[in-house]
Each structure stands twice: as C-alpha cells, then as structure tokens.
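# Chains, contacts and geometry: an overview
Letter by letter, the chains look like this.
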Amino acid sequence: MIALTVYSRPGCHLCEQLIEALLPMVRDRATVTVVDIDTDPALKAVYDVRVPVLCQGDTLVCEAFIDPAAVEKLFT
C-alpha cells in the first residue's frame, strides 16, 4: 500500500479541499497522513506558503490543488 503525506495547516481551505478530494481517490489503495506544518519549525520553513503539499515519500505529487492525473499515476 502506498503511503502519502499531506503537509497542511488548520484553517487552510485549500488544504481541506485537497484532502476531501484525495481521500475518495485513494481509498483502499493508500494510507494518508496529514501533517500540521505549524507544529514543526523545520516543516513550516519548507512548506509555509506552499500548503497543501501532497508527497509520496520525498517525491512531490502536487501542491496547492489536487492533480488527479498525478495521483492516479502513483497506482500505475
């Protein structure tokens, strides 16, 4: 099973939209971990104005908006 990480922050409407779109797309095919960047200064320094950011490991899948084609490509 693929492990995905969403770098996010509370109250971010783009983050909420990306997560809402992502979960049904990957159901039963991936685990999704949502990480609050505001709890870690190093993550905040990297992702501060870029959230939401979706990664598989160290590989960027998409940021700001969901890219359905990029997400589906993970499973091919």
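### What to know about helix α1 (residues 13-26)
- The end-to-end C-alpha separation of α1 is 20 Å, in line with the 20 Å expected for 14 residues at 1.5 Å each.
- Those residues of α1 not exposed but buried are C15, L18, I19, L22, M25 and V26. In a view along the axis of α1, the buried residues occupy a sector of 130 degrees, so they form one face of it. Of the exposed residues in α1, the ones pointing more than 90 degrees away from its buried face are H13 and E20.
- Those residues of α1 that are buried lie in contact with β1 (2-8), β2 (30-36), β3 (53-56), β4 (59-63) and α3 (68-73).
- Directly beyond the C-terminal end of α1, a positive phi value near 65 degrees is found at D28.

Conventions and cut-offs
Residues numbered from 1 in each chain as written. Predicted model: local features only at pLDDT ≥ 70, side-chain atom pairs only at ≥ 80, totals over all residues. Heavy atoms only, no water. Helix = DSSP H or I, 4+ residues; strand = E, 2+ residues; numbered from the N terminus. Expected span 1.5 Å × (residues − 1). Buried < 20%, exposed > 50% of the residue type's maximum accessible area, 1.4 Å probe, protein only. Arc of directions from axis to C-beta. Contact = heavy atoms within 4.5 Å.

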